[in-house]
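Here's the letter readout for the chains.
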Amino acid sequence: MEFFKTITGNCYINVAVTAWFLAQFLKTVFTYISQGKIVWERMVGAGGMPSSHSALVCSLTVAIAKGVGLASPEFAIAFVTAGVVMYDAMGVRRAAGEQAKVLNKLVFGFRASFEDSDSTEDDEALVGIPDKSLKEFLGHTPLEVLGGALLGILVAMVMPAR
């Protein structure tokens, strides 16, 4: 029980988790507005506006700057980590999501062309072809990353750091 008390008493974790939760909540709201239905996966899923990863790392970086100063090693670590996370969200993870879209089109197009046939040879060709699509919402556009960063900064500025 002491562990949970210690964790929830850490202002830096509280700021970061609050920013992450707000970003996920906003994604759910924005999806509801655009699709007219609640998609609960948006509360935990990656991708979308605003970037919860960016919100989390930016809120933590600003909270550390407020708490221990810009000259601290903790701030330096948080700042560099935030840069890597946001770069990765726009680069590698976004590219992986784009590749997943292409692969899904190829695989399900291939599958559809064989499923329409009655041939047993065609059934054999489908062995090993997945039924489930790859996740396409992985990364972020620069605007989504900026939105998450601004949300994280705002949360950290509003919440107390220490």
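Remember, predicted model here, so these are calculated numbers, not experimental data. (Residues numbered from 1 in each chain as written. Predicted model: local features only at pLDDT ≥ 70, side-chain atom pairs only at ≥ 80, totals over all residues. Heavy atoms only, no water.)

1. Quick look at the packing of helix α3 (residues 52-68) against helix α7 (residues 142-158)
Relative orientation of the contacting elements α3 and α7 amounts to 35°, with a least axis distance of 7 Å. Where α3 crosses over α7, the handedness of that crossing is right-handed. For the pair α3 and α7, the contacting residues are S54, A55, C58, S59, V62, A63 and K66 in the first and V145, G148, A149, L151, G152, I153, A156 and M157 in the second. (Axes fitted to C-alpha atoms, helices over the stretch in contact; angles between N-to-C directions. Helix = DSSP H or I, 4+ residues; strand = E, 2+ residues; numbered from the N terminus. Left-handed = near helix turned anticlockwise from the far one by under 90°. Contact = heavy atoms within 4.5 Å.)

2. Brief notes about α3
In a regular helix each residue adds 1.5 Å, so 17 residues correspond to 24 Å; α3 covers 24 Å between its end C-alpha atoms and thus fits that length. Among the residues of α3, those classed as buried are S52, S54, A55, V57, C58, S59, T61, V62, A63, I64 and A65. Of the surrounding secondary structure, the elements contacted by the buried residues of α3 are α2 (11-35), α4 (73-90) and α7. Its side-chain oxygen 3.5 Å from the backbone nitrogen of H53, S51 forms the N-cap of α3. Following α3 by one or two positions, G69 has its phi on the positive side, about 100°. (Expected span 1.5 Å × (residues − 1). Buried < 20%, exposed > 50% of the residue type's maximum accessible area, 1.4 Å probe, protein only. Polar contact = N/O pair within 3.5 Å; in protein donor to acceptor, adjacent residues only side chain to side chain.)

3. Overview of the packing of aromatic side chains
A full pass over the atoms with the stated rule returns two aromatic pairs. Centroid distance F21 to F25: 6.4 Å. Interplanar angle 20°. Geometry classified as stacked. Taken together, the residues span about one helical turn, with F21 and F25 both in helix α2 at a distance of four residues. Exposure remark for F25: the relative accessible area of 41% places this residue in the partly exposed category. Aromatic side chains F75 and F79 sit 5.7 Å apart centroid to centroid with 35° between the ring planes, which places their arrangement in the tilted category. Here F75 pairs with F79, and both are found in helix α4, just four residues apart, close to one helical turn. (Phe/Tyr/Trp six-rings, centres within 6.5 Å; stacked < 30°, edge-to-face > 60°.)

4. Comments concerning the side chain of S52
Considering the arrangement of structural elements, one finds S52 in helix α3. The exposure class of S52 is buried, given its relative accessible area of 2%. At 2.6 Å, the side chain of S52 and the side chain of Q24 are in polar contact. If we skip the residues at most four places from it in the chain, S52 touches W20, A23, Q24 and K27.

5. With respect to the confidence of the model for the protein
Residues of the protein with pLDDT of at least 70 account for 73%, and the chain-wide mean is 81. The spread of mean pLDDT over the elements of the protein runs between helix α6 (residues 120-125), the lowest at 52, and α3, the highest at 95. (pLDDT = per-residue confidence, 0-100.)

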